[in-house]
Amino acid sequence: MPDFTQIKLDIDGPIATITLHRPEKMNAFTHQMRDEIIEAIDITDADDAVRAVIVTGDGERAFCAGADLTPPKNPDGTDKHVFSDPKTVDDLSDPLVRDGGGRLVLRLFNSQKPLIGACNGVAVGVGATMQLPFDMRLCSDNARFGFVFAKRGITPEACSSWFLPRLVGMSTALEWCMTGRIFDAQEALDAGLVRSVHPQGELMDAARALASEIAENASPISVAMTRAMLWRLSAEDHPMKAHRIDSRSIYRLSRGADAKEGIASFLEKRPPEFTGKVSEDMPDFYPWWQEPEYK
């Protein structure tokens, strides 16, 4: 296991837990945290024993309080100026232009394992937007969310202009982003941003129960394909494009070992024992898409 310093990665049987771990900074987001989360997702994707991934924050105050705005230091201890003249960074090839939150979210979007968010407190800015590509989001009753970018004179980031309207509808997404206000767990639940609200002490148990339900009952091949299909095909401009992938997918998977086990376990009234491996047994046409380049 890598020597992470700003996150923790724990793997317990089929469930992996990634914990944002900067409690002294309310788990504020940094480039290093981004890189460590990406590496952790690489690890969970490569581990066939992992069937679901929970992402949470350290402590009971915050999931992630947004980007760490503490100025970096020069070797002499003075603050380092990190903003370049905008005229020099209008080229996408300049690494200063590319949004770090977006890099993380794109990796989460391409996860082959289901992602379950357990938001344990404050989640503002990138602390909120990084949760949007999670497949399911739970939160504690003290959770607070905020898409506060307009209040800081900037715009939404981390691909949230693509994700947020899909999750809560355009009107709610516009209201939250234009006002930049902080809203509570109940409003998040009412809008569909989270699927359930729990007392702080029960949040992780609820997240693990959901992860276990997936791990114990569903084929990992089916789950990986379902995740890719629902996220990607729902954004297509005509259902025929989904029909093409649906047809190929159901044809290939119905002839596989997991489908045989799924039927046998149903007829024999017993829990399934799926043997398919995401690393080896995905359909031969997966991935069917060409990942866009950043350019």
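Scroll up a little and you will see the structure.
Owing to the predicted nature of the structure, the values given are computational and were not obtained by experimental measurement.

The rules behind each value
Residues numbered from 1 in each chain as written. Predicted model: local features only at pLDDT ≥ 70, side-chain atom pairs only at ≥ 80, totals over all residues. Heavy atoms only, no water. Pairing = 2+ DSSP bridges. Helix = DSSP H or I, 4+ residues; strand = E, 2+ residues; numbered from the N terminus. Axes fitted to C-alpha atoms, helices over the stretch in contact; angles between N-to-C directions. 1 Å grid on protein atoms, 1.4 Å probe; cavity = no way out; pocket = protein on both sides within 12 Å on 5 of 7 lines; lining within 4 Å. Points joined across faces, edges and corners; volume = space filled by probe spheres on them. Nonpolar A, V, L, I, M, F, W, Y, C, P; charged D, E, K, R; others polar. Parallel < 35°, antiparallel > 145°, perpendicular 65-115°, else oblique. Contact = heavy atoms within 4.5 Å. Salt bridge = Lys/Arg side-chain N within 4 Å of Asp/Glu carboxyl O. Buried < 20%, exposed > 50% of the residue type's maximum accessible area, 1.4 Å probe, protein only. Phe/Tyr/Trp six-rings, centres within 6.5 Å; stacked < 30°, edge-to-face > 60°. Lys NZ or Arg CZ within 6 Å of the ring centre and 35° of its normal. Patch = residues over 30% accessible without salt bridge, like charges linked within 9 Å, V, L, I, M, F, W, Y side chains within 5 Å. Areas by Shrake-Rupley, 256 points an atom, 1.4 Å probe, with all protein chains shown as cover.

Student: What's the story with the sheet that holds strand β6 (residues 122-124) in this structure? I'm lost.
Tutor: Strand pairing within a sheet occurs via backbone hydrogen bonds; the two strands may be parallel or antiparallel. Within the open sheet, the 4 strands sit side by side as β4-β6-β8-β9. Their pairing is mixed. The two strands at the open ends of the sheet, each matched to only one other strand, are β4 (62-64) and β9 (182-184). Between one strand and the next, the sheet's axes are offset by a mean angle of 20°, whatever the strand orientation. As paired strands, β4 and β6 are joined by 2 bridges and run parallel to one another. Each residue of the ladder has a partner; that of C64, found in β6, is A123.

Student: It is not clear to me how the layout of surface pockets should be interpreted in this structure. Could you clarify?
Tutor: Here the idea is plain: a probe the size of a water molecule rolls over the atoms and shows the empty space left. If you add up the space inside the second largest pocket, you get close to 530 Å³. What lines the second largest pocket is a set of 18 residues, and nearest its centre among them are L106, F109, C159, E291 and P292. At the level of elements, α2 (100-109) and α4 (160-168) are the ones that each hand at least two residues to the lining of the second largest pocket. Among the elements that make up the lining of the second largest pocket, the one with the highest residue count is α2 (5 residues). Among the residues making up the lining of the second largest pocket, the classes are represented as 8 nonpolar, 2 polar and 8 charged.

Student: Teacher, can you tell me more about the packing of helix α8 (residues 220-233) against helix α9 (residues 239-253) here?
Tutor: The relative placement of two packed helices is expressed as an angle between their axes plus a distance between the axes. Running from N to C, α8 and α9 cross one another at 175°; their axes reach a closest spacing of 11 Å. Between α8 and α9, the angle is such that the two are roughly antiparallel. Mapping the contact onto sequence places I221, S222, M225, M229 and L233 in α8 and K241, A242, I245, D246, S249 and L253 in α9. Of the residues assigned to the contact of α8 with α9, the class counts are 7 nonpolar, 2 polar and 2 charged.

Student: What should I look at first to understand the pattern of salt bridges in this one?
Tutor: Between side chains of opposite charge, a pair can form when the charged atoms approach closely. In this structure the tally under the stated criterion is 16 salt bridges. Among the salt bridges present, the one from R181 reaches E175, with a minimum N-O distance of 2.7 Å. Looking at R181, the relative accessible area reads 26%, which means it is partly exposed. R252 is paired through a salt bridge with D284; the nearest N and O atoms lie 3.0 Å apart. Linking R252 in helix α9 with D284 in the segment after α10 (257-267), this pair joins segments that are 32 residues apart in sequence. According to the relative accessible area criterion, D284 is exposed, its value standing at 61%. Connected through salt bridges with shared partners, the residues D42, D45 and R107 form a single ionic network.

Student: I keep staring at the packing of aromatic side chains and nothing clicks. Help me out?
Tutor: In this description, a pair of aromatic rings is defined by centroid distance and the angle of the planes. Within the structure shown, the criterion is met by 13 aromatic pairs. Plain terms: the ring middles of W176 and F183 are 3.9 Å apart, the flat faces sit at 15° to each other, and that makes the pair stacked. Per residue, the accessibility class of W176 equals that of F183, and both read buried. Judged by centre distance (5.6 Å) and plane angle (85°), the ring pair of Y286 and W289 falls under edge-to-face. An aromatic cluster of three or more residues is present, and its members are F109, W162, F163 and W231. Over the aromatic face of Y294 sits the side chain of R98, whose NZ or CZ is 4.3 Å from the ring centroid. The cationic tip of R232 hangs over the ring face of W289; the distance from NZ or CZ to the ring centre is 3.7 Å.

Student: Would you take a moment to explain a nonpolar patch on the surface for this structure?
Tutor: Judged by side-chain polarity, M170, L174 and M178 come together as a nonpolar surface patch covering roughly 330 Å² of accessible area. Take M170: it is sitting in helix α5 (residues 170-179).

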